[in-house]
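The chain contents come next:
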Amino acid sequence: MLVRRRVDHDLPDSVRALREVYDVDGYPARWPADPAAWLTPSGTVACWVAEVAGVVVGHACLVGDVVDDGLSRQTGVPAGGLGAVSRLYVAPRGRGQGLGAGLLAAVTACAADRGLQVVLEVVEGSGAVRLYERLGWCLADRRSADWTTPAGVRPPIRVYVPPPRG
């Protein structure tokens, strides 16, 4: 098992793993027209992959300069001081091996190095909620998503911040 920075030649395998997640979990809610480009959202600071036996089975990004007035008020972090965990997933064949936790740790460490307070959003009822709460992430907000499902629904989401550093 290995979590490392993503390089360009990881994109085809990252897309394959994303497709496995989409087929099993329905994430993302809409399959992107260009999944490789989707894996690098606007504002990306860095991305990581998780490997098992040399095969990419997971992915995560840190997006910087997130502006969210509500979270800024709640966390006391000024505008532009927030970073977001994005495009985080582990394919079914890689689950149960600590890779999700490893990817979160990589994103969180990078955010801390850059002076960013990291946050993450997850759809209410997602299996990932258990991972975040088991790792001590704290629920900061509940709201409707700013995107819609193929059915036109804005699902309820949870917003988490990492546990306090001790």
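Now for a description of the structure that goes with this document. (Residues numbered from 1 in each chain as written. Predicted model: local features only at pLDDT ≥ 70, side-chain atom pairs only at ≥ 80, totals over all residues. Heavy atoms only, no water.)

A full pass over the atoms with the stated rule returns 4 aromatic pairs. Measuring from ring centre to ring centre gives 5.9 Å for Tyr27 and Trp38, while their planes differ by 65°; the resulting arrangement is edge-to-face. A residue pair is termed long-range when its members are at least 10 positions apart, and Tyr27 in the loop between helix H1 (11-25) and helix H2 (35-38) and Trp38 in helix H2 qualify at 11 residues. Plain terms: the ring middles of Tyr132 and Trp137 are 6.5 Å apart, the flat faces sit at 50° to each other, and that makes the pair tilted. For the residue pair Tyr132 and Trp137, the accessibility class agrees, reading buried in each case. An aromatic cluster of at least three residues, connected via ring pairs, comprises Tyr132, Trp137 and Tyr160. Taking NZ or CZ as reference, Arg87 lies 4.0 Å from the ring centre of Trp38, over its face. (Phe/Tyr/Trp six-rings, centres within 6.5 Å; stacked < 30°, edge-to-face > 60°. Helix = DSSP H or I, 4+ residues; strand = E, 2+ residues; numbered from the N terminus. Buried < 20%, exposed > 50% of the residue type's maximum accessible area, 1.4 Å probe, protein only. Lys NZ or Arg CZ within 6 Å of the ring centre and 35° of its normal.)

Take unusual backbone geometry next. Omega for the bond connecting Tyr27 with Pro28 falls within 30 degrees of zero, at 0°, which places this linkage in the cis form. Its place among the elements puts Pro28 in the loop between H1 and H2.

Moving on: the pattern of salt bridges. What the rule picks out here adds up to 12 salt bridges. Measuring nitrogen to oxygen at the nearest pair gives 2.6 Å for the salt bridge that ties Asp68 to Arg143. Taken together, the positions of Asp68 in the loop between strand E3 (55-66) and helix H3 (69-75) and Arg143 in strand E6 (residues 138-144) put the pair 75 residues apart, joining distant regions of the chain. Between Arg143 and Glu121 there is a salt bridge, and its shortest N-O distance comes to 4.0 Å. Here Glu121 lies in strand E5 (residues 117-123) and Arg143 lies in strand E6, a separation of 22 residues in the sequence. Residue classification places Arg143 among the partly exposed positions, given a relative accessible area of 25%. Through salt bridges that share partners, Asp68, Glu121, Asp141 and Arg143 make up one connected network. (Salt bridge = Lys/Arg side-chain N within 4 Å of Asp/Glu carboxyl O.)

Here Ser86 is to be found in strand E4 (residues 82-90). Those residues in contact with Ser86 that sit more than four places away from it in its chain are Pro41, Ala60, Cys61 and Val63. (Contact = heavy atoms within 4.5 Å.)

A few words on the environment of Ala145. Positionally, Ala145 belongs in the loop between E6 and strand E7 (156-161). Residue class for Ala145 comes out buried when judged on its relative accessible area of 3%. Each C-alpha atom of the pair Ala145 and Ala111 lies 23 Å from the other, and the pair is 34 residues apart in sequence. Residue contacts for Ala145: discarding those within four places in its chain leaves Arg154, Pro155 and Ile157.

Moving on: the sheet that holds E7. As summarised here, the arrangement of the 7 strands in space is E1-E2-E3-E4-E5-E7-E6, forming an open sheet in which the pairing is mixed. Two strands bound the open sheet, and with one partner strand each, they are strand E1 (2-5) and E6. Across this sheet, the average inter-strand angle for adjacent strands is 25°, counted without regard to direction. In this structure, strand E2 (residues 44-52) lies alongside E3, joined through 8 bridges in antiparallel fashion. Each bridged residue has a counterpart across the sheet, and for Glu51 the counterpart in E3 is Val56. In the packing of H1 onto the sheet, the strands contacted are E2, E3 and E4, and the crossing angle to E4 comes to about 75°. Seen against the sheet, helix H4 (residues 99-113) touches E1, E2, E3, E4 and E5 and runs at an angle of roughly 155° to E2. (Pairing = 2+ DSSP bridges. Axes fitted to C-alpha atoms, helices over the stretch in contact; angles between N-to-C directions.)

Bringing H4 into the picture now. Over its 15 residues, H4 extends 21 Å from the first C-alpha to the last, a length consistent with the 21 Å expected when each residue adds 1.5 Å. Residues of H4 that are buried: Leu99, Gly100, Leu103, Leu104, Ala106, Val107, Cys110 and Ala111. Mapping the buried residues of H4 onto a view down its axis gives an arc of 155°, with all of them on the same face. Gly115 sits one or two residues past H4 and shows a positive phi near 75°. (Expected span 1.5 Å × (residues − 1). Arc of directions from axis to C-beta.)

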